[in-house]
Amino acid sequence: LFAMSTGAAHAEYPEHPITLVVPFAAGGPTDVVARSLGAELGKILKQPIVVENKTGAGGTVAAAYIANSKPDGYTFFLHHNGMATAPALYKNLKFDPLNSFEYVGEVIDVPMTLLARADFPPNNLQELIEYTKEKGEDINLANAGPGAVSQLCGSLLQQAIGTKFTTIPFQGTAPAMTALLGKQVDLLCDQTTQTIPHIDAKTVKFYGVTTKDRISKLPDAPTLDEQGLKDFDFKVWHGIYAPKGTPEPVIAKFNGALKEALKSDAFKTKMADLGAEIVSEERQSSESLKKWVDSEIKKWGPILQAEGMNVN
Ligand code: MLT
């Protein structure tokens, strides 16, 4: 344990509640992870973790906010693949994924699922593919904007099918799911951390999982790959960041708490129930997350540019 100078006295970090910023709407997949993880981190660090939802522009509003936040150890950020896809999608980003942050570590991997509103005519992926030939742009796909994994998954899907849907952006997939349940939109590709309860309740149509292999939580659910979208393989990864300049001992302490939280039964059970997989201990390190972000920027940059997916 260490002490941080607070001017008059040396007190032990953390001395007051810590904010964990989520770049998408409350109640959605990222928020669910942040709140479950925050509860465990709070017990370990003995200070409440307050989740704050800062939505907008596919997660880039929140990332820019973190990049400009005080590096005092009281602001952290949970984000997914969007951290690495943003540079290819937005020309005028107000942050640099490789230089504006300190890296705490990776958290979990989450498969995605392709869903439709309960009364959408196609009953499976093959029927959807046939239906798109007739309806194409009349079909709409909800997502959380460029930078969101729901958007990226939807783009990969349109590319794989060879079609174009009309996309409808929301501030997160929680409101997108509300629109799907309300039958205001047709399709949504979303993480199991939000979709499993709806799949179980059969309040949506479910066309398959986006990973190459079937997932243990939904063993009977076919993958998109095995239904004809050859080599479709996409899953979501999540990391924790802090503003650049956050003291190293703070990052180390938070990383220690993260590793402990990822071992807690409550978090493990909750994530397993939602189809998510806690990353290996090796991936829970700061160095590993930074290397991973770098490799993902290099992987997605050319793909997104070739697809002309940049938004400004
Ligand atoms: C969310 O938390 O709302 C989603 O992760 C947004 C997304 O699709 O990226």
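Position numbers for residues count from 1 along each chain, tracking the sequence in the order it is written. Given that the model is predicted, a residue must reach a pLDDT of at least 70 before its local features are reported, and side-chain atom pairs must reach 80 or more before they are shown or counted; all residues, however, enter totals for whole chains, interfaces and linings. Processing note: side-chain calculations cover all non-hydrogen atoms of the structure and skip hydrogens and water entirely.

K.L.:
Before we move on, could you go through the overall build of the chain and cite the residues and values that matter?
P.N.:
Put simply, DSSP marks the helices as runs of H or I at least four residues long and the strands as runs of E at least two long, and each gets a number from the N terminus on. Along its length, the chain carries 10 helices and 12 strands. The reference for a compact globule is 2.2 Å times residues^0.38; the radius of gyration itself is calculated from the C-alpha atoms. Expected size for 312 residues packed as a compact globule is a radius of gyration near 20 Å; at 20 Å, the chain falls within 12% of this value. Principal-axis analysis of the C-alpha atoms gives the chain an extent of 70 × 40 × 30 Å. Exposed residues in this analysis have more than 50% of their type's maximum accessible area, buried residues have under 20%, and partly exposed residues fall in between, with area computed by a 1.4 Å probe over protein chains only. In the chain, buried positions account for 57% of the 312 residues. Taking contacts inside the chain between residues at least 6 apart in sequence as the whole, the part at least 24 apart equals 77%. Per element, the accessible surface of the chain, about 12,900 Å² overall, is 51% carbon and sulfur. In this description, contact between two residues means that some pair of their heavy atoms is separated by no more than 4.5 Å. Reported accessibility uses the Shrake-Rupley method at a 1.4 Å probe radius. Residues are deemed covered only where the shown protein chains occlude them.

K.L.:
Lay out the site of the ligand in plain terms, naming residues and giving numbers.
P.N.:
Taken together, Phe 24, Pro 29, Thr 30, His 80, Ala 144, Ala 148, Val 149, Ser 150, Gly 172, Thr 173 and Gln 191 make up the full set of residues adjacent to the ligand. For this analysis, a polar contact is any N or O atom pair within 3.5 Å, provided that within protein one partner can donate a hydrogen and the other can accept it, and provided that sequence-adjacent residues contribute only side-chain to side-chain pairs. Within the backbone of Val 149, one N or O atom sits 2.7 Å away from an oxygen atom of the ligand. Residue Thr 173 places a main-chain N or O atom 2.7 Å away from an oxygen atom belonging to the ligand. Out of a free accessible area of 270 Å², the ligand has 100% covered by protein chains. At the level of elements, helix 1 (29–45) and helix 5 (149–161) are the ones that each hand at least two residues to the shell around the ligand. Tallied by class, the residues present in the shell around the ligand amount to 5 nonpolar, 6 polar and no charged. Being near a molecule or strand, for a residue, means having at least one of its heavy atoms within 4 Å of it. Side-chain classes are defined by residue name, with Ala, Val, Leu, Ile, Met, Phe, Trp, Tyr, Cys and Pro counting as nonpolar, Asp, Glu, Lys and Arg as charged, and the others, Gly among them, as polar.

K.L.:
Describe in detail the packing of aromatic side chains, supporting the description with residues and values.
P.N.:
Paired rings are identified among Phe, Tyr and Trp, the last through its six-membered ring, by centres lying within 6.5 Å, and are further divided according to the angle between planes into stacked (under 30 degrees), edge-to-face (over 60) and tilted (the rest). Throughout the structure, instances matching the rule amount to 9 aromatic pairs. Plain terms: the ring middles of Tyr 13 and Tyr 74 are 5.3 Å apart, the flat faces sit at 65° to each other, and that makes the pair edge-to-face. Of this pair, Tyr 13 sits in the loop between strand 2 (10–12) and strand 3 (18–22) while Tyr 74 sits in the loop between helix 2 (60–67) and strand 5 (75–79); the two residues are 61 residues apart in sequence, bridging distant segments of the chain. Pair check on accessibility: Tyr 13 and Tyr 74 agree, each one buried.

K.L.:
Please provide a residue-by-residue account of the state of the cysteines, values included.
P.N.:
Whenever a pair of cysteine sulfur atoms sits within 2.5 Å, that pair is classed as a disulfide. Under the defined criterion, the tally for this structure stands at 1 disulfide. Each sulfur of the disulfide joining Cys 153 and Cys 189 lies 1.9 Å from the other. Taking the torsion about the S-S bond as the criterion, the Cys 153 to Cys 189 disulfide, at about 65°, is right-handed. Residue Cys 153 is found in helix 5, and its partner Cys 189 is found in strand 9 (residues 187–191); the two are separated by 36 residues along the sequence.

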